Structures are given as structure tokens and as C-alpha cells.
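Listed here are the chains, written in short residue letters.
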Amino acid sequence: GFLKKVYPLMSNQLTKNAKSKAFEYYDVNYEDEDDDAEVQRIHTLSTDYEFKDADGEKVEFTVSDVAWNATGSVLAVTYGNLQQSGLSKDRSCVAVWNIFRRDFQENKPTLILETDSIINTIEFHPENPALLAGGSLNGEIFIWDISAGNLLYQSQLDRYFHKETITKLLWITSHASYKGSRYTLLSMASDGRVLIWDPVNELRFPTKGYHMAKKAVDKIVLLGGQSISQSSEDRATFMTGTEGGAIYRLQLIPILVDKGQRALFEQKGDYRWKDEAVMFMVNLHKNYIAEVKRHVESFCRDNSIKEITPEIIFESKPELKKLYPNPIQKFRYERHAGTINEVQMSPFHRNLCLSASADGGLRVYHALQSQYLLLIENPTEYIYRGNWSPHKPTLLATSSSSGNVYLYDLKKSKNKEVATLVPEGTLSAHALKFNKKQRGFLAVGYSNATVAVYQLNYSLYNMESDDIKFLNQLDDAQ
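Residues numbered from 1 in each chain as written. Predicted model: local features only at pLDDT ≥ 70, side-chain atom pairs only at ≥ 80, totals over all residues. Heavy atoms only, no water.

Draft legend 1. Inspection of unusual backbone geometry at higher detail. Look at Ser304: it is not a glycine, yet its phi comes out positive at around 55°. For Ala449, which is not glycine, the phi torsion reads 65° and is therefore positive. Tracing the sequence through the fold places Ala449 in the loop between strand E30 (441–446) and strand E31 (451–455). The class of Ala449 is buried, set by a relative accessible area of 12%. (Helix = DSSP H or I, 4+ residues; strand = E, 2+ residues; numbered from the N terminus. Buried < 20%, exposed > 50% of the residue type's maximum accessible area, 1.4 Å probe, protein only.)

Draft legend 2. Highlighting the layout of surface pockets. In this structure, the largest pocket occupies an estimated 1400 Å³ of space. When contributions to the lining of the largest pocket are tallied by element, the ones reaching two or more residues are strand E13 (208–211), strand E14 (213–215), strand E15 (220–222), strand E18 (247–251) and helix H6 (320–323). The residue inventory of the lining of the largest pocket, partitioned by class, reads 20 nonpolar, six polar and nine charged. Considered as a void within the structure, the second largest pocket measures approximately 1000 Å³ in volume. Along its surface, the second largest pocket is lined by 33 residues, and Glu123, Pro126, Leu170, Trp171 and Lys436 are the ones closest to its centre. Elements that contribute at least two residues to the lining of the second largest pocket include exactly strand E2 (62–68), strand E6 (119–124), strand E10 (166–172), strand E16 (225–230), strand E21 (340–345), strand E25 (383–388) and strand E29 (429–434). (1 Å grid on protein atoms, 1.4 Å probe; cavity = no way out; pocket = protein on both sides within 12 Å on 5 of 7 lines; lining within 4 Å. Points joined across faces, edges and corners; volume = space filled by probe spheres on them. Nonpolar A, V, L, I, M, F, W, Y, C, P; charged D, E, K, R; others polar.)

Draft legend 3. Spatial organisation of the packing of aromatic side chains. What the rule picks out here adds up to 16 aromatic pairs. Ring centres of Phe161 and Phe314 lie 5.4 Å apart, and the angle between their planes is 90°; on these two criteria the pair is classed as edge-to-face. Here the residue Phe161 occupies a position in the loop between strand E9 (150–154) and E10, and Phe314 occupies one in helix H5 (residues 310–315), the gap between them amounting to 153 residues. A relative accessible area of 5% places Phe161 in the buried class. Their ring planes at 70° and their centres at 4.9 Å tell us that Phe265 and Trp273 sit as a pair that is edge-to-face. For Phe265, a relative accessible area of 6% translates into the label buried. In this structure Trp273 comes out as buried when scored by relative accessible area, which is 7%. The structure contains a cluster of three or more aromatic residues connected by ring pairs, namely Tyr160, Phe161, Trp197, Phe280 and Phe314. Here the guanidinium or amino end of Arg159 rests over the ring plane of Tyr160, the centre of that ring lying 4.7 Å away. (Phe/Tyr/Trp six-rings, centres within 6.5 Å; stacked < 30°, edge-to-face > 60°. Lys NZ or Arg CZ within 6 Å of the ring centre and 35° of its normal.)

Draft legend 4. Fine view of the pattern of salt bridges. Within this structure, the stated rule accounts for 19 salt bridges. For Lys293, the salt bridge is made with Glu297, and the minimal N-O distance between the two is 3.0 Å. Here Lys293 and its partner Glu297 are both found in helix H4 (residues 289–302), four residues apart, which amounts to about one turn of the helix. (Salt bridge = Lys/Arg side-chain N within 4 Å of Asp/Glu carboxyl O.)

Draft legend 5. The arrangement of H4 in detail. Across its 14 residues, H4 extends 20 Å between first and last C-alpha, which sits within 8% of the 20 Å expected from 1.5 Å per residue. Taken together, the buried positions of H4 are Ile289, Val292, Lys293, Val296, Glu297, Phe299 and Cys300. Each buried residue of H4 lies within a common arc of 155° when the element is viewed along its axis, so the set occupies one face. Away from its buried face by more than 90 degrees, H4 exposes Arg294, Arg301 and Asp302. Backbone geometry just after H4 places Ser304 at a positive phi near 55°. (Expected span 1.5 Å × (residues − 1). Arc of directions from axis to C-beta.)

Draft legend 6. Focus on the sheet that holds E16. Read from one edge to the other, the open sheet built from three strands follows the order E16-E17-E18, with strand pairing classed as antiparallel. Looking at strand neighbours, the two that pair on one side only are E16 and E18, the edges of this open sheet. The mean inter-strand angle of the sheet, taken between neighbouring strand axes irrespective of direction, is 25°. (Pairing = 2+ DSSP bridges. Axes fitted to C-alpha atoms, helices over the stretch in contact; angles between N-to-C directions.)

Draft legend 7. Representation of the environment of Leu137 within the structure. Looking at where Leu137 falls in the secondary structure, it is placed in the loop between strand E7 (131–136) and strand E8 (141–145). Residues Leu137 and Asn120, spaced 17 residues apart in sequence, show a C-alpha to C-alpha distance of 6.0 Å.

Draft legend 8. Just the environment of Lys433, in detail. Following the sequence through the fold, Lys433 ends up in strand E29. Note: C-alpha distance between Lys433 and Val453 (20 residues apart in sequence) is 9.8 Å. Once residues lying within four places of it in the same chain are set aside, the contact partners of Lys433 are Asp65, Val66, Ala67, Trp68, Glu123, Asn387, Phe441, Leu442 and Ala443. At 2.9 Å, the side chain of Lys433 forms a polar contact with the backbone oxygen of Val66. (Contact = heavy atoms within 4.5 Å. Polar contact = N/O pair within 3.5 Å; in protein donor to acceptor, adjacent residues only side chain to side chain.)

Right, dumping it as C-alpha cells:
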């Protein structure tokens, strides 16, 4: 009898509560609110590894890149000379720390991977915590297994591969090759090439390729890529920044081999085209497919080759411009006045893109608008890196030539930092990376070859209920 009496009143009140907006933007903080004002530096990592040049002379290197693995427990660090470019024979290494192991020591890496060339950029596999990819100043790609401490694969130097510094690596699923891996590795270099590699092929050849270029008055100008980032939703859309300060949108559209395309390579004849070779060929510009096919088959006829693989395609030496199409979309963005060191698309908004430039500017662009939406400028400092937080949609971090790392919460202020991480000494902060798995951890690499690991306070990594709404409003206001 009691339940029947009180049920109508309780049901009515619960319905009102569900529709109420009284606590719409209230977020419960289960952690100690007193520590909200602090960002703690919990580790300073260093190594006594001796960096040497080609003559065996000791040299001073800086941190060039940092990367967290898929579990967020391992941090890899690579070292180099940011003033150096082109072929290098300097001896360097990738140092690896498991910061949660019981035997962890700040000044003793868990693993050292020695290299005969300087590794400029590194990226862990998104799912396999042991796979680490690296790109060198020379244009080589490496993949290591850090669980065994050994090199699995290494690409070769070739006129059809990269011939200048690898500036960025991305593991992507949108370009998985035929019967290949779920994840493929995208590499960008200062030679303007964007190549896609499948670990199944042991980096013997790229499965697809693109060449960034633009038309000048009477010639084609190649564009040196500095950074590239993939849209969080439209997996065929990428944004890239160049040495000259320009930003471009790229379309790297995955191509499936349809019946008509396959029929071209299955016609009765003297040659058998392997599936991976067909996948490579159909990525060419449609005007060149038949021409390159004839060129390759002519090479095979002259050399008594019956089976055509991607390696045979490269060995036949077709014209380079006919192998790699131009992925740049005809859409212009307002350019920076200096080199763009990093672009990164928001993990929470499909069209928002962050750019960090040597001109001291940190900008937020909309992928469909030429004018930037937001500018945070410090013209007295060189900006090396800019990252979106993987946990809090409105938080940005940037590292600078002063050594300071600035954290901005766009919801609180569009030009005033909410925290500044100051280095120990007169240093530059060259590398920066949020930990995607372990919330609140941020790694910063400095010019004295040390890395600081910071623990952010709760307010800097807690996603609030109106953060996404703010990003949408930032978009809609323009």
C-alpha cells in the first residue's frame, strides 16, 4: 500500500530531475581539489650514452622526439642535432624507459637501441606496445621490437623512397594494403613525399606513395613536409604543414581494386601481376596507369621476368612523377611566416587543426575555412611543438625556444595560459607528447638531452561536460 501511495509523487519528481539543467555543467571532482594549482615534475630522465660523430668525436645532442607506447607505461626518446640535415653518419640511439617498473632509474634507460644514423622522429604502434617505428635524417625507416631489444626491419635508400629527413610518422588503418597488416605506417619527409609502408613487406618497398607539389609560374615546385595529421573522423583527410609556412589539406583516399581495374591486369599475356603490385598501380593517376603498365611489362620482357611484384615496378625505373600522385587539395589556408614544426588535428572535432610555427604563432584552423579561427602569439619565442590534449578537448600544450611549456585551456582564455612549465636551467624545449593512456602525464624533451615527465593536476586532464560544446561553438562563431 505504501509503494502505491508514494510512487506517483516519486515518479513525477524523477522526471523533473531528468529534465532539469540545474547541474548541466557541474562535474564531480573525486580528487583532492587543493592540488589543482600544481603541476608536478615527477621524473627527469637522462642517459650517459656517448653521442659521437662520423669521426668518433663526442658531440652534444638534444632530444629530437619522444613517444609513449600503447599502454602508456613506456617512454621512448630519440636524440639528434636540430641544425643538421641531409646524410648523417653520426652515432646516436633511441633510449627507452619503463617508468612504472620497480627497477626504474631516471638516469639509466631500460633499453638502448643504437643507430648508425640520427633518428629524427619516432612513433609507437597504437595497439602493439612493443613495436616502435623511427625515421632518420637520411630518409630511412626503422621498426624495432623493444620487448626483444632488436631491429626488425629497415628500409633502404632509393631514389623512389625517401631521400631526405623523415619528419613525421603515423600508424594508420585507412590504407591497409591487400592481405596486409591492419595498421600501415605513413612517413612524411622534407623531400615532399608521403609514403605508406606495410610491415608485412618488411619495409622492402612502399605500398603507396604521394608527392606534394604546387604549380609555380613556369614549373612544378616540390613542398617539403614538416608534419602531418589525420582527421579523427574522416580518415581520408590529412592536414600538413611545410617548411615554407604553408598549410595544406591532403586527400589520401584508400583505393579498392574493383573488377574493372583488376581486369586490366588479368588480361591474357606473358606476365602475372601480383595482388600487391596491382594495389600499387591503381593508386597512380588514372592517366598514367596504362602507360606505366606498358613500361613495366617492357622491362620484364627484356629481362625474362614473368611475375611482377612492387619491387619489379621500382626496378624498371618508371618516371617518378608518374608513380606518386599529388594529394594536395586546391584550397588555400592563411600561411605562417615561418616553418611549421607541427600540425595536429583535434581528437574531439573532425575539422579543427592546431599549427605550431617558428614565427611564434600557435593557431587553430577549421579544415574548411582559409582564415584561422584563433591565434596565440609570442613573437619573441620559436615554437617547436603544439599538441591537443587527448583527454581534455579544450586543452593545448606548446613547447618553445625559451624552454617554457605553455598550457592553454581555450574555454577559460583564448590567449592566456593556465599553467607554465619552467625548465631547470637555460634550455629549449624541443619535444612534447601527452600520454594517451595514463591520464595527466606529459613528457617534454630539452636541448640538454634530458626529458621531464610532468603529472598534470586534475583540472588539466578532466573532461568537463561542456568542453565539446565549446569546440562546436568556436566553430559556429566563425
